[in-house]
Amino acid sequence: MIANDKIKLTKKYLFFVLFFCMVFLLIVVRRPDIIKNAQPWAEDGLMWLQTINNNGFWHSLFLPQNGYYQTISRLAYGSSLLFGIKNVALIANIIAISIRCFMVLFLLSNRMRFCSFLYRMPIAVYFIFMPNVAEGYVNITNAHWYLAMYLMMVLVADKPDTRMWKIHDLLILVVSSLSGPFVAFFAPCLFIKRYYERGGIIKAIKGIDFFDVVMIICVIIQGVAIIFSSTSDRSSAPLGASAVLLADIISYRVVCGTFLDSAYINQIIHAKFFNIIVFSMLLISILGLFVRAGWRFKILALFPILMIGFALAKPMISMTDPQWPVLLNAGAGERYFIVTNLFFFSFVVYIFSKLGKLSEIAVLLLSIAMLPLYIQYFNISPLAEVGYKESIDRFIMLNKGESMDIDINPPGWKMHLIKR
């Protein structure tokens, strides 16, 4: 019996490794330069690599950026530097890819068995092949958006039944909560979960556990950083917001952008009446289901709404022009819609799952209909060649204490490194 158990466990781990590698490969094949020609993207170089290299890892780790802690970015580049400056972007990209791989594995694991595998698989496939992700594909700077989705899966998952799963959940909680401002949105979601699980507000408070305490601590840490850290480096450009423009953005970037490349459907922004109808129907359907559905739907609906609300309240798209109109440009601010697009696709799958005997057929037809789109949007253009590798080679030849500017992507960005 013991031998059989060991064989089963070995097969389980082997399957885990093979599936991880398969997902990893699919992510890389979409844009092979993330491995073959790894380069820092924007803050990857200017903030994380430059700060850690010039000032030291431990000093940089506890510095907030843009008003909050971004721990995963600093951890990734701090650990990547152990492999040498020439390999730092490659290792950081491998970490970013691995986060996505673990998300897919968790989604398809038994921890999510409350939802049929038939419905989870199309969501996992969409996550791997989704369009309109070029900006955040693949880098550490935008990893906190993915970690936020990862933590939401942990919140809706079945309870951990082993020590390793409990450690996993706490690790995702801490890293995700301290890698972006989104912990403020996790807190009400966790409260709703505890309210329904434990049967009321009083019981929710009395039943507080270690996970809840860690969440509270993370909220306090990020809250203090947000209150007391300078945010002068954020854009001071006006929002240019309006109700009609909100409908345009949601219709174009969330509803239609979930299924189509935004570059090919930008004519939708001129269909004002259509956009208002789409926005209204989406809002009414979510509100109606929010009242009737269980706690899982409530928090899975609440979280992306809070996320997009925060993104639209404080976007960083332009330093001069009104922010909201820029979001109607194809490709602008794609990182702000990664969460909402994945959740909207999941929402569509959820609606199909409620069709009774037709649910399985509907989900199957949806998956088949998505195949041409996945093929069409599979390849993502590589980053521009800005001479990063050649600059790093020259930097390595510098004497200790010397420094130089190094061009990084997007074109026009530079980082200033000091040879240590």
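The structure we're discussing is the one just above.
Residues numbered from 1 in each chain as written. Predicted model: local features only at pLDDT ≥ 70, side-chain atom pairs only at ≥ 80, totals over all residues. Heavy atoms only, no water.

Visitor: Can you help me understand the overall build of the chain in this one?
Guide: A tally of regular secondary structure across the chain gives 19 helices and two strands. Relative to its length of 420 residues, the chain is compact, with a C-alpha radius of gyration of 22 Å against a globular reference of 22 Å. On the principal axes, the C-alpha backbone points of the chain span a range of 70 × 65 × 45 Å. Residues counted as buried form 52% of the 420 residues belonging to the chain. Across the chain, the fraction of contacts at a sequence separation of at least 24, relative to all contacts at a separation of at least 6, is 73%. Total accessible area on the chain stands at roughly 20400 Å², and carbon and sulfur atoms take up 70% of it. One way to put it: in the chain the 37 positive side-chain charges average out to a point 10 Å from where the 23 negative ones average out. (Helix = DSSP H or I, 4+ residues; strand = E, 2+ residues; numbered from the N terminus. Rg over C-alpha atoms; globule rule 2.2 N^0.38 Å. Buried < 20%, exposed > 50% of the residue type's maximum accessible area, 1.4 Å probe, protein only. Contact = heavy atoms within 4.5 Å. Areas by Shrake-Rupley, 256 points an atom, 1.4 Å probe, with all protein chains shown as cover. Lys, Arg positive; Asp, Glu negative; His and termini not counted. Charge placed at Lys NZ, Arg CZ, Asp CG, Glu CD.)

Visitor: Looking at this structure, how should I read the packing of helix α7 (residues 117-129) against helix α18 (residues 359-376)?
Guide: When two helices pack together, their arrangement is given by the angle between their axes and by how far apart the axes lie. Where α7 contacts α18, the axes come no closer than 10 Å and their chain directions differ by 15°. In terms of orientation, α7 and α18 fall into the roughly parallel class. As α7 packs across α18, the resulting crossing turns out to be left-handed. Where α7 approaches α18, its residues L118, Y119, P122, V125, Y126 and F129 are matched on the opposing element by S359, E360, V363, S367, M370 and Y374. Looking at the contact of α7 with α18 residue by residue, the classes come out as nine nonpolar, two polar and one charged. (Axes fitted to C-alpha atoms, helices over the stretch in contact; angles between N-to-C directions. Parallel < 35°, antiparallel > 145°, perpendicular 65-115°, else oblique. Left-handed = near helix turned anticlockwise from the far one by under 90°. Nonpolar A, V, L, I, M, F, W, Y, C, P; charged D, E, K, R; others polar.)

Visitor: In this structure, what is going on with helix α3 (residues 43-55)? I would like to understand it.
Guide: Along an α-helix, residues three or four positions apart point the same way, because every turn accommodates 3.6 residues. The end-to-end C-alpha separation of α3 is 16 Å, well short of the 18 Å expected for 13 residues at 1.5 Å each. Taking the largest bend as the criterion, α3 deviates by roughly 30°, centred on L49. Those residues of α3 that fall on the buried side of the exposure criterion are D44, G45, W48, L49, Q50, T51, I52, N53 and N54. On its buried face, α3 sits against α4 (57-61), α5 (71-80), α6 (88-107), α19 (388-396), β1 (403-408) and β2 (413-418). Looking one or two residues beyond α3, the residue adopting positive phi is G56, at roughly 100°. (Expected span 1.5 Å × (residues − 1). Bend = angle between axes of the 7 residues up to and from the residue.)

Visitor: Is there a simple way to explain the side chain of R31 in this structure?
Guide: Within the secondary structure layout, R31 lies in the loop between α1 (2-30) and α2 (33-36). Residue R31 is classed as buried on the basis of its relative accessible area, which comes to 4%. Look past the residues within four positions of R31 in its chain and what remains in contact with it is A134, Y137, V138, I380, S381, P382 and L383.

Visitor: What is the right way to look at the pattern of salt bridges in this model?
Guide: Side chains that differ in charge, positive against negative, can pair when their charged atoms come close. Using the criterion set out here, one finds 13 salt bridges in the structure. A salt bridge links D212 to R194; the shortest N-O distance between them is 2.9 Å. Taken together, the residues D212 in helix α12 (residues 210-228) and R194 in helix α10 (residues 183-198) connect sequence positions 18 residues apart. On the accessibility criterion, R194 (9% relative accessible area) is buried. In the salt-bridge network here, residues are joined through shared partners; they are R194, E197, R198, D209 and D212. (Salt bridge = Lys/Arg side-chain N within 4 Å of Asp/Glu carboxyl O.)

Visitor: When you look at the nonpolar core in this model, what are you seeing that I'm missing?
Guide: The nonpolar side chains of a soluble globular protein tend to be buried, and buried together. By size, the foremost hydrophobic cluster in this structure holds 127 residues, and its most contacted members are M149, F186, F303, F345 and Y388. Counting residues per element, this core draws most heavily on helix α8 (residues 143-156), which supplies 13 residues. (Core = buried A, V, L, I, M, F, W, Y, C linked by side-chain atoms within 4.5 Å.)

Visitor: How should I be thinking about the packing of helix α14 (residues 272-292) against helix α17 (residues 338-353) in this particular structure?
Guide: Packing of α14 against α17 brings their axes to within 13 Å, and their N-to-C directions diverge by 65°. The hand of the α14/α17 crossing is left-handed. Touching L282, S285, I286 and L289 of α14 are F344, F347, Y350 and I351, all from α17. Considered class by class, the residues forming the contact of α14 with α17 number seven nonpolar, one polar and no charged.

Visitor: How should I be thinking about the state of the cysteines in this particular structure?
Guide: Cysteine pairs can be covalently joined through their sulfur atoms, and such a bond is termed a disulfide. As enumerated under the stated definition, the model contains zero disulfides in all. Considering cysteine sulfurs only, C189 is the nearest to C115, which forms no disulfide, with 18 Å between them. The partly exposed category is assigned to C115, whose relative accessible area is 21%. (Disulfide = S-S within 2.5 Å.)

Visitor: Could you clarify how one ought to interpret unusual backbone geometry in this entry?
Guide: Trans peptide bonds make up the majority, and among non-glycine residues the majority have a negative phi. Backbone torsion omega between N409 and P410 reads -5°, so that peptide bond is classified as cis. The phi dihedral of A42 falls on the positive side, at around 50°, and the residue is not glycine. Mapped onto the fold, A42 is located in the loop between α2 and α3. Judged by its relative accessible area of 4%, A42 falls in the buried class. Backbone geometry at N132 places phi at a positive 60°, although glycine is not the residue there.

Visitor: Sorry, what's going on with a nonpolar patch on the surface here?
Guide: Side chains of I208, V213, I216, I217, I220, I221, V224, I227 and F228 sit close together on the surface and give an oily, nonpolar patch of about 840 Å² of accessible area. Among the structural elements, I217 can be located in helix α12. Among the residues examined, I217 registers a relative accessible area of 43% and is labelled partly exposed. (Patch = residues over 30% accessible without salt bridge, like charges linked within 9 Å, V, L, I, M, F, W, Y side chains within 5 Å.)

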